[in-house]
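Residue-level structural notes
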Amino acid sequence: MSSAVADYITRIEGTCGAGSDIVVVLKFDKKDQALEKILKKATLKNTIAGVIYDLTYEQSSFRFYASGKIIFRGVENKQTLNRIIDALLL
Amino acid sequence: MVDFYENNNANVHRGVHTLALEATEMYEQSRECVAKFINAKESCEIIFVRGTTEAINVVAYSLGLNDLKEGDEVLISLMEHHSNIVPWEITAKIHGFKINYVDVTSDGLLNIQDFENKITSKTKIVCLSHVSNVTGVVNDIKKLAKIAHAHGAIILVDGAQSVPHMPVDVQNLDVDFLVFSGHKMLSPTGIGVLYGKKELLQKMTPFQGGGEMIKDVIFDSITQSCNISWNELPWKFEAGTPNICGAVGLATAINYLKKVGMDNILAHEQALTKYAIDGMKNLSKVSFYGSIDSNKCGIITFSFADLSSHDVALLCDSYGIAIRSGYHCAQPLHQIFKLQSSARASFYLYNTIEEINRFLEVLQEIQNF
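If you're wondering where the values come from, they're calculated on a predicted model, not measured in any experiment.

**Examining the confidence of the model for chain A**
In low-pLDDT segments, the atomic positions of the prediction should not be examined closely. A residue-level look at chain A finds 96% of positions with pLDDT of 70 or above and a mean pLDDT of 88. No element of chain A has a lower mean pLDDT than helix H1 (residues 3-6) of chain A, at 80, and none a higher one than helix H2 (residues 31-41) of chain A, at 94.

In structure tokens, the structure reads:
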């Protein structure tokens with residue numbers, strides 16, 4: 001992950017009990033900016049405006065929560081995740 | 001706690017100055033308070049620990065030092081929190097005793113028949129939760145303790161989910177050990193309780209050594225070693241400086257809970273739970289886990305069709321509602337439920353019907369998503 005992108009992120013953690021789901025926690029003051037960038041690049045499938053955005057990018061589906069958390073599911077490994085995050089936030 | 005740190009803060013059982021004596025007095029009064037709260041015979045049966053997990057580790061490691069050996073068996077249920085599984089698995093590998101697991105029914109109830117089948121004369125200790133942290137189901141501990149004792153076994157009860165929510169009387173239940181955490185009952189984190197019957201605690205060897213837990217450490221110049229004798233109960237099991245302020249905070253929380261009344265707290269939680277379940281039954285995408293009709297505390301475990309538990313929790317979080325997601329440190333029970341994870345709503349004395357209504361509105365919104 002590039003340092004410019006890392007600047008958006010507080011923490012990345014695996015979810016308890018749910019196989020390959022990964023939660024990316026964004027910095028609070030960067031989350032709106034991140035959402036703006038993501039919405040330009042990812043495809044919006046469904047939304048409760050201002051609360052949740054159900055999105056896809058390439059083969060990955062993920063949900064962006066207004067609280068600044070993104071859940072990625074089915075991501076193969078950390079390298080793939082980093083590549084997707086870079087593509088979305090750069 | 002602020003008052004303690006501002007006016008009485010010192011280490012306990014060491015100094016003779018006024019602050020040390022005041023701190024010691026408050027710490028030991030807290031022990032008395034806990035003893036009365038669970039109706040222990042004596043306050044020396046109350047050991048302060050960091051929480052439920054440490055309490056179980058104390059028992060598992062201490063019994064392992066002298067009492068559990070190859071050929072012995074420990075009986076645990078599959079509904080246990082990992083903290084009541086892992087310490088036994090670790091010590092079993094060290095000391096060679098065997099662990100047997102009691103099955104749980106598909107609706108999350110302890111399989112009593114299986115319990116009776118698996119308890120034998122080899123069973124030295126039975127370890128069960130009083131209330132499941134996943135389903136809120138209440139086990140009939142009095143009955144299970146009777147069965148355990150009839151087989152010559154002792155019983156350790158994980159009261160992390162019962163002591164904060166209902167009246168618990170160790171003499172009435174006739175349990176040998178009861179463990180619970182302060183942070184689940186309005187108290188600060190890092191303080192918990194190991195209750196043990198005096199005669200058992202007296203026989204047990206402490207597994208943590210240090211200051212406070214010893215009477216004498218006398219160097220023998222001939223053998224070039226130290227002769228050590230243990231302190232009396234309860235200090236024998238409290239090595240090092242304890243969480244003094246935490247104990248004071250726990251006692252303050254207990255006094256508050258007692259003022260509200262544990263019967264009232266249980267009734268309030270059960271009313272909220274029933275109200276929430278009735279509302280959630282109207283949501284076609286919601287599935288419940290664990291019996292929703294049996295005797296249970298304020299816990300509802302559920303899932304939403306097409307959504308992971310983490311999505312449900314994050315959606316609720318977006319509306320300011322905090323629920324847990326994951327397997328709640330009870331993976332074996334989730335295996336029985338054939339689940340990767342679940343969402344869990346839990347209620348306490350401070351929750352209201354208005355909050356449940358809001359929760360139900362949010363769930364409706366999630367269903368529409």
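**Some details on the confidence of the model for chain B**
Within chain B, residue pLDDT values average 95, and 100% of them lie at 70 or more. Both confidence scores are given for the complex: pTM 0.93, ipTM 0.85.

**Overview of the interface of chain B and chain A**
Listed per partner, the contact involves 17 residues of chain B and 18 residues of chain A. Summing the contributions of chain B and of chain A, the shared interface buries around 1500 Å²; its carbon and sulfur component is 63%. Where chain B touches chain A, the interface holds three salt bridges. For Asp311 of chain B, the salt bridge identified is with Arg73 of chain A, shortest N-O distance 2.3 Å. Between the two partners, chain B and chain A, sit four residue pairs in polar contact (both at pLDDT 80 or more). Top contributing element to the side of chain B that touches chain A by residue count: helix H11 (residues 309-318) of chain B, with six residues. Of the residues contributing to the side of chain B that touches chain A, the split by class is six nonpolar, seven polar and four charged.

**Overview of the sheet that holds strand E11 (residues 299-304) of chain B**
Residue and element names in this part refer to chain B. Taking strand neighbours across the sheet as the criterion, the four strands line up as E10-E11-E13-E12 in an open arrangement whose pairing is antiparallel. Looking at strand neighbours, the two that pair on one side only are strand E10 (286-289) and strand E12 (324-326), the edges of this open sheet. Averaged over neighbouring strand pairs, the angle between their axes works out to 35° when direction is ignored. Summarising the sheet, E12 and strand E13 (residues 342-346) pair through three bridges and their orientation is antiparallel. Within the sheet, the bridge partner assigned to Ser325 lies in E13 and is Ala343. Running over the sheet, helix H10 (residues 262-280) touches E10 and E11 and is turned about 15° from E11. Lying over the sheet, helix H13 (residues 353-368) contacts E10, E11 and E13, oriented at roughly 15° with respect to E11.

**Considering the packing of aromatic side chains**
How two aromatic rings sit relative to each other is given by the distance of their centres and the angle of their planes. Taken as a whole, this structure holds eight aromatic pairs over all chains when the rule is applied. Their ring planes at 20° and their centres at 4.9 Å tell us that Tyr61 of chain B and Phe207 of chain B sit as a pair that is stacked. Highlighted residues: Tyr61 of chain B in helix H3 (residues 52-66) and Phe207 of chain B in the loop between helix H8 (198-203) and strand E8 (214-220), separated in sequence by 146 residues. Note on Tyr348 of chain B and Tyr350 of chain B: the rings are 5.6 Å apart at their centroids and 85° apart in plane angle, and the pair reads as edge-to-face. Judged by relative accessible area, which is 5%, Tyr348 of chain B ranks as buried. Its relative accessible area of 54% is what places Tyr350 of chain B among the exposed residues. If you follow Lys31 of chain A out to its NZ or CZ, it ends over the ring of Phe28 of chain A, 4.8 Å from the centre.

Thresholds applied
- Residues numbered from 1 in each chain as written.
- Chains lettered and ligands numbered in written order.
- Predicted model: local features only at pLDDT ≥ 70, side-chain atom pairs only at ≥ 80, totals over all residues.
- Heavy atoms only, no water.
- pLDDT = per-residue confidence, 0-100.
- Helix = DSSP H or I, 4+ residues; strand = E, 2+ residues; numbered from the N terminus.
- Contact = heavy atoms within 4.5 Å.
- Buried area = accessible area lost by both parts, 1.4 Å probe.
- Salt bridge = Lys/Arg side-chain N within 4 Å of Asp/Glu carboxyl O.
- Polar contact = N/O pair within 3.5 Å; in protein donor to acceptor, adjacent residues only side chain to side chain.
- Nonpolar A, V, L, I, M, F, W, Y, C, P; charged D, E, K, R; others polar.
- Pairing = 2+ DSSP bridges.
- Axes fitted to C-alpha atoms, helices over the stretch in contact; angles between N-to-C directions.
- Phe/Tyr/Trp six-rings, centres within 6.5 Å; stacked < 30°, edge-to-face > 60°.
- Buried < 20%, exposed > 50% of the residue type's maximum accessible area, 1.4 Å probe, protein only.
- Lys NZ or Arg CZ within 6 Å of the ring centre and 35° of its normal.

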